[in-house]
Amino acid sequence: RELLRRSGLTGCLASSPSASEPMALASLCLTMLAVASARRLLWDMRGDGDADDVPSESPEPNAHSEVSKIHRLFALSMRALSALGVPLHPQCAHLAAWAGALEVLQAALPERGAGVLANGLVPWAARGTLANGRAGRQAEVVRWLLAQGAALDECDELGRSMLDWAAW
């Protein structure tokens, strides 16, 4: 719990799909694997192997492109699940925004009506900046969310805006 609180993930995994949609957990597992795989790659690229540190102190020059490859792979898997009729877990988008996983976020939000679904995700992207530092791609995520119609001044469940999270 303390790790979730420190990293800004409190509340992300609180809701679960209804009993009629247990397959939605597959998409949440894919999102979590995408985040964990990308973080592991960054730790390996940094070379010190200390998994307790934020993997962002000095990312390699090609780190973002390597992380994008991982995110694209998992995004393709999520799109395949969706095409097969498997519902996406409601928290996939929140976790992807937090991690700066733009490709996964795009796969988690349907193309039609993405603006409505994108609301509430800007604070999650801001929360992720604390945990992901420079390794995260939160700026790209926020720009994409704004292009989808999300509001820059939206607040999370505690009333904190992106500016509040940035000031931490």
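Everything quoted here is computed from the prediction, not taken from an experiment.

K.L.:
When you look at the pattern of salt bridges in this model, what are you seeing that I'm missing?
P.N.:
Oppositely charged side chains may form a pair once their charged atoms are brought near each other. Enumeration according to the criterion identifies 5 salt bridges in this entry. With a shortest N-O distance of 3.0 Å, Arg 137 and Glu 103 are connected by a salt bridge. Taken together, the positions of Arg 137 in the loop between helix H7 (122–132) and helix H8 (138–147) and Glu 103 in helix H5 (residues 102–108) put the pair 34 residues apart, joining distant regions of the chain. The same class applies to Arg 137 as to Glu 103, namely buried. In this structure, Glu 140 engages Arg 137 in a salt bridge whose closest nitrogen and oxygen atoms are separated by 3.5 Å. Given the relative accessible area of 33%, Glu 140 is considered partly exposed. One network of salt bridges, with partners in common, ties together Glu 103, Arg 137 and Glu 140.

Rules used in this analysis
- Every chain is numbered on its own, with residues counted from 1 as its sequence reads.
- Given that the model is predicted, a residue must reach a pLDDT of at least 70 before its local features are reported, and side-chain atom pairs must reach 80 or more before they are shown or counted; all residues, however, enter totals for whole chains, interfaces and linings.
- Hydrogen atoms and water are omitted, and side-chain values are computed over all heavy atoms in the structure.
- By convention in these notes, a salt bridge is any Lys or Arg side-chain nitrogen within 4 Å of a carboxyl oxygen on Asp or Glu.
- Numbering goes from the N terminus for both helices and strands, where a helix is a DSSP run of H or I of at least four residues and a strand is a run of E of at least two.
- When accessible area is computed with a 1.4 Å probe and restricted to protein chains, residues below 20% of their type maximum are described as buried, those above 50% as exposed, and intermediate ones as partly exposed.

Honestly, that's just the spatial picture; any functional story needs more than this.
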